[in-house]
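A structural walkthrough
Spelled out, the chains give:
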Amino acid sequence: MTMTSPTTAPERGIPQSAHRATRRPTRFRPGAGRQLQGGPFAYIALAVVGIGSLLPLYWTLVAASHTQDEVLATTPPFLPGGRLLHNLDTAWNQAHLGKAIVNSVIVSSCITAATLFFCTLAGYAFAKMRFKGRGALMTGVIATLTIPPQLSVVPLFMMMSDIGWGGKLESVIFPTLVSAFGVFFMRQYLSEALPYELIEAARIDGANNFRIVRSVVLPVARPAMTVLGMLTFVQAWNDFFWPYLALNQQNPTLQVALGQLSASYTPDQSIVMAGALISTLPLLVVFVIFGKQIVGGIMSGAVKG
């Protein structure tokens, strides 16, 4: 008499196909759950990209530490020289960069704070609130991205002059308090990252719209706000075209003041590079301080959906 193993005999009442499905072993992909490791070509590509990204900044440092004759020589220097402090002091005093840096900090900070506030509110409204004309308004916001900013320079300049803000920092701050890109960016992020269940739970607890925005929307939107804030600050800090038209030589931003260094017939390139190095250092400090939050915000947005 042949004995059948209880582990191999089909159970009663269970179809044979279902039994085979339960006995099918689970297949694991090789390397699943492990951190991917790059090969030598990945490290070579990363090294090339890193060197290429740092090369302009390094050349600015080298050119700012030499004389103009050495920079414009047939064989330019490849190592920093000993005139860096002298050139930095000359550029600082020649272009009055102290006041220009203060103006740039005020303009960039105000624009960044206002953009984060208004764009987050508008993005939340377009993403989670229902009202008439929502689609048409969002289409209009996106359509403004296709309009070149140069088309609005003349009417905007006339408007600022009529208000009495000609040559003042207000003429640079107020036209850029809200950006269409910021509204679209926050709307797309909150559409995926903010579930309706959180909003409904807050409303059941008796929270009004302002409490919902403060306690629910802002914590969820913090990663996207970090990325948008960095992009807005860098754009406002490096903006030259509109501040050059709206401000005067006595009240410039940093980029307008740097334009004065190269406005002469034969500008000293080493002094110009020293001024460019001064204008880059604050951005590097901001990125070093908030770099982890910025990268975390980008990765948080990448895994949504």
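Residues numbered from 1 in each chain as written. Predicted model: local features only at pLDDT ≥ 70, side-chain atom pairs only at ≥ 80, totals over all residues. Heavy atoms only, no water.

**Here we look at the confidence of the model for the protein chain**
The predicted model of the protein chain has a mean per-residue pLDDT of 81, with 83% of residues at 70 or higher. Put simply, helix 1 (residues 16-23) is where the protein chain has its lowest mean pLDDT, 46, and helix 5 (residues 97-128) is where it has its highest, 92. Confidence drops under pLDDT 50 across residues 17-28; counting only partners more than four residues distant or on other chains, this segment forms 6 contacts. (pLDDT = per-residue confidence, 0-100. Helix = DSSP H or I, 4+ residues; strand = E, 2+ residues; numbered from the N terminus. Contact = heavy atoms within 4.5 Å.)

**A few points about empty space enclosed by the protein**
In the structure shown here, the tally under the stated rule is 1 cavity of 30 Å³ or more. Quantified by volume, the largest cavity comes out at close to 50 Å³. Lining the largest cavity are Ser104, Val107, Ser108, Val172, Ala236, Trp237, Asp239, Pro243, Thr253 and Gln255. Looking at the lining of the largest cavity, the elements with two or more residues in it are helix 5 and helix 11 (209-238). In terms of residue class, the lining of the largest cavity is made up of 5 nonpolar, 4 polar and 1 charged. (1 Å grid on protein atoms, 1.4 Å probe; cavity = no way out; pocket = protein on both sides within 12 Å on 5 of 7 lines; lining within 4 Å. Points joined across faces, edges and corners; volume = space filled by probe spheres on them. Nonpolar A, V, L, I, M, F, W, Y, C, P; charged D, E, K, R; others polar.)

**Regarding the environment of Phe290**
The residue Phe290 is located in helix 14 (residues 269-302) in this model. Phe290 sits 64 residues away from Thr226 along the chain, and the two C-alpha atoms are 8.5 Å apart.

**Examining the pattern of salt bridges**
Opposite charge on two side chains makes pairing possible when the charged atoms of those side chains draw close. Summed over the entire model, instances satisfying the criterion amount to 1 salt bridge. Notably, a salt bridge pairs Arg203 with Glu200, separated by 3.6 Å at the nearest N-O pair. In this pair, Arg203 and Glu200 both sit in helix 10 (residues 196-204), 3 residues apart, roughly one turn of the helix. Judged by relative accessible area, Glu200 falls into the partly exposed class, the value being 39%. (Salt bridge = Lys/Arg side-chain N within 4 Å of Asp/Glu carboxyl O. Buried < 20%, exposed > 50% of the residue type's maximum accessible area, 1.4 Å probe, protein only.)

**Here we look at the layout of surface pockets**
Space left empty within the atom packing is revealed by a probe, the size of a water molecule, rolled over the atoms. Here the largest pocket is characterised by a volume of approximately 1100 Å³. Lining of the largest pocket is provided by 29 residues; of these, Pro149, Pro175, Thr176, Ser179 and Gln235 occupy positions nearest its centre. Secondary-structure elements contributing two or more residues to the lining of the largest pocket are helix 5, helix 7 (153-163), helix 9 (180-193), helix 11 and helix 12 (241-246). For the lining of the largest pocket, the element with the most residues is helix 11, which contributes 5 residues.

**Points about the side chain of Thr60**
Mapped onto the elements, Thr60 comes out in helix 2 (residues 40-64). Exposure remark for Thr60: the relative accessible area of 14% places this residue in the buried category. In this structure the side chain of Thr60 is engaged in a polar contact, spanning 2.8 Å, whose partner is the backbone oxygen of Pro56. In this structure, Thr60 is in contact with Met273, Ala276 and Leu277, ignoring residues within four places of it in sequence. (Polar contact = N/O pair within 3.5 Å; in protein donor to acceptor, adjacent residues only side chain to side chain.)

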